[in-house]
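Descriptive analysis of the structure
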Amino acid sequence: MKLVRKNIEKDNAGQVTLVPEEPEDMWHTYNLVQVGDSLRASTIRKVQTESSTGSVGSNRVRTTLTLCVEAIDFDSQACQLRVKGTNIQENEYVKMGAYHTIELEPNRQFTLAKKQWDSVVLERIEQACDPAWSADVAAVVMQEGLAHICLVTPSMTLTRAKVEVNIPRKRKGNCSQHDRALERFYEQVVQAIQRHIHFDVVKCILVASPGFVREQFCDYMFQQAVKTDNKLLLENRSKFLQVHASSGHKYSLKEALCDPTVASRLSDTKAAGEVKALDDFYKMLQHEPDRAFYGLKQVEKANEAMAIDTLLVSDELFRHQDVATRSRYVRLVDSVKENAGTVRIFSSLHVSGEQLSQLTGVAAILRFPVPELSDQEDDSSSEED
């Protein structure tokens, strides 16, 4: 993401002009734009024209509109963002108050104005404009006959390809059908890796599977690379890292990212940090439940006691339609930071973010046990009885 201009007043009202440069920037934009904001961007409008003879025709014209945002739609697989709203600035083609939908695209500038820029949104702009926040991990999660090729970016897990091949069972005395199908499956996975993974950007490619599937696949891939003199694969051989996963489905990626060898290799990536924080929370919940809270009310009470060491919060909560609810989460984040706590904002498109959403989307690891909070809840529930 490229920041062209930033003009924010002391009362936190103002506008920023940005240019999304890659597909992931559209996800950042989705998290920046909220209902009630004003968005100015170039768009195409179908306009009716009447000739001197009275015949009516229509043609498409490119114009710049400023909309008051009413609805936002994001397609995570295509990385496309559509913003619907009413026109709030005079235009020769579009009346004031008329509805229009702007499709924001990479490499096309837009200006976003808000009455209140909060700290979470401003931090996201900083992250989006920092070149270090780029997709630097790829993963092949596989089992016999099924493979998912994923890109693990700081903000989301993108499934780039799914390979499915029916593998017949081995038969006594005849394994040829099974072996041929397996070879065909491996070949399709190799082609998908070369098509979807940019080796000049990616630091590490995880190959995760149950059993010996990953070893057999990697042996096949590099034997074929030697035979065909595939320099792309041979030069990047050191980037491939084999790890265990329970299946070839996307959700097994979390297990692969939790592996200690992977964590050390990916220590500088945000994705690994999120997975570790969630793993630490689950361990704390199991062994010291008085130091692991989830749910907004519980976490807010722990924050009042200045007990929060690490706050885990889903970015989904900052897209809440109700301004008061959204502000409540922003205040919580700001307060934890003021009290020297660590805040980790999880992407709802990451496997770790999906898991956090199942825990209400907000959780906290505490510096010290706060048993009285759970006692208060027990007391209030007994009073209700």
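Residues numbered from 1 in each chain as written. Predicted model: local features only at pLDDT ≥ 70, side-chain atom pairs only at ≥ 80, totals over all residues. Heavy atoms only, no water.

Right, let's get into the overall build of the protein chain. Broken down by element type, the protein chain carries 12 helices and 16 strands. A principal-axis box enclosing the C-alpha atoms of the protein chain has dimensions of 80 × 75 × 40 Å. Looking at the protein chain as a whole, 49% of its 385 residues are labelled buried. In the protein chain, the share of contacts with a sequence separation of at least 24, taken over all contacts with a separation of at least 6, comes to 66%. Carbon and sulfur atoms make up 46% of the accessible area of the protein chain, which totals about 19,800 Å². For the protein chain, the distance from the average position of its 47 positive side-chain charges to the average position of its 55 negative side-chain charges is 7 Å. (Helix = DSSP H or I, 4+ residues; strand = E, 2+ residues; numbered from the N terminus. Buried < 20%, exposed > 50% of the residue type's maximum accessible area, 1.4 Å probe, protein only. Contact = heavy atoms within 4.5 Å. Areas by Shrake-Rupley, 256 points an atom, 1.4 Å probe, with all protein chains shown as cover. Lys, Arg positive; Asp, Glu negative; His and termini not counted. Charge placed at Lys NZ, Arg CZ, Asp CG, Glu CD.)

Of all 10 residues that make up helix α1 (residues 23-32), nine are buried, and the element is covered over most of its length. When α1 is considered as a whole, its buried residues turn out to be E24, D25, M26, W27, H28, T29, Y30, N31 and L32. Where the residues of α1 are buried, they touch β2 (14-19), β4 (56-75), β5 (80-87), β6 (99-104), β7 (110-114) and α2 (119-128).

Take the packing of aromatic side chains next. Counted under the stated rule, the structure contains 10 aromatic pairs. When the centroid spacing of 5.9 Å and the interplanar angle of 40° are considered together, the rings of F185 and Y186 count as tilted. Both residues of the pair, F185 and Y186, count as buried. Aromatic ring contacts, followed pair by pair, group F185, Y186, F217 and Y220 into a single cluster. Just above the ring of Y99 sits the side chain of K84; from NZ or CZ to the centre is 5.4 Å. (Phe/Tyr/Trp six-rings, centres within 6.5 Å; stacked < 30°, edge-to-face > 60°. Lys NZ or Arg CZ within 6 Å of the ring centre and 35° of its normal.)

We now examine the sheet that holds strand β9 (residues 146-152). Strand order in this open sheet of five strands is β10-β9-β8-β11-β12, and the pairing throughout is mixed. Strand pairing shows two members of the sheet lacking a second neighbour, β10 (157-164) and β12 (240-244), which therefore form its edges. Within the sheet, the average angular offset between the axes of one strand and its neighbour, ignoring direction, is 20°. Summarising the sheet, strand β8 (residues 137-143) and β9 pair through seven bridges and their orientation is antiparallel. (Pairing = 2+ DSSP bridges. Axes fitted to C-alpha atoms, helices over the stretch in contact; angles between N-to-C directions.)

Okay, the confidence of the model for the protein chain next. In this model, the protein chain carries an average pLDDT of 87, and 91% of its residues clear a pLDDT of 70 or more. Throughout residues 377-385 the model reports pLDDT below 50, and contacts reaching past four residues in sequence, or to other chains, amount to one contact. (pLDDT = per-residue confidence, 0-100.)

Where strands meet in a sheet, backbone hydrogen bonds hold them as pairs that are either parallel or antiparallel. Pairing is antiparallel in the open sheet, where seven strands are placed in the order β1-β2-β7-β3-β4-β5-β6. One side of each edge strand has no neighbouring strand; the edge strands of this open sheet are β1 (2-8) and β6. With direction set aside, neighbouring strand axes in the sheet form an average angle of 35°. Those strands touched by α1 are β2, β4, β5, β6 and β7, and its axis lies near 70° from that of β4.

In this structure, F185, I193 and F217 are the most contacted members of the largest nonpolar core, which totals 62 residues. At eight residues, helix α3 (residues 176-196) tops the list of elements feeding residues into this core. Apart from residues no more than four positions distant in its own chain, F185 is found in contact with M142, Q143, E144, G145, L146, A147, V163, V165 and I167. Of all hydrophobic cores here, the second largest spans 22 residues; its members include A302, L311, V313 and Y329. (Core = buried A, V, L, I, M, F, W, Y, C linked by side-chain atoms within 4.5 Å.)

Enumeration over the complete set of coordinates arrives at 11 salt bridges. Across the pair K114 and D37 runs a salt bridge whose closest N-O atoms are separated by 2.6 Å. Within this pair, whereas K114 is found in strand β7, its partner D37 is found in the loop between α1 and β3 (38-50), the two being separated by 77 residues in sequence. Residue classification places K114 among the buried positions, given a relative accessible area of 5%. Assessed through its relative accessible area of 7%, D37 is described here as buried. With a closest N to O distance of 3.4 Å, R291 and E288 form a salt bridge. The network of salt bridges with common partners includes R124, D315 and R319. (Salt bridge = Lys/Arg side-chain N within 4 Å of Asp/Glu carboxyl O.)

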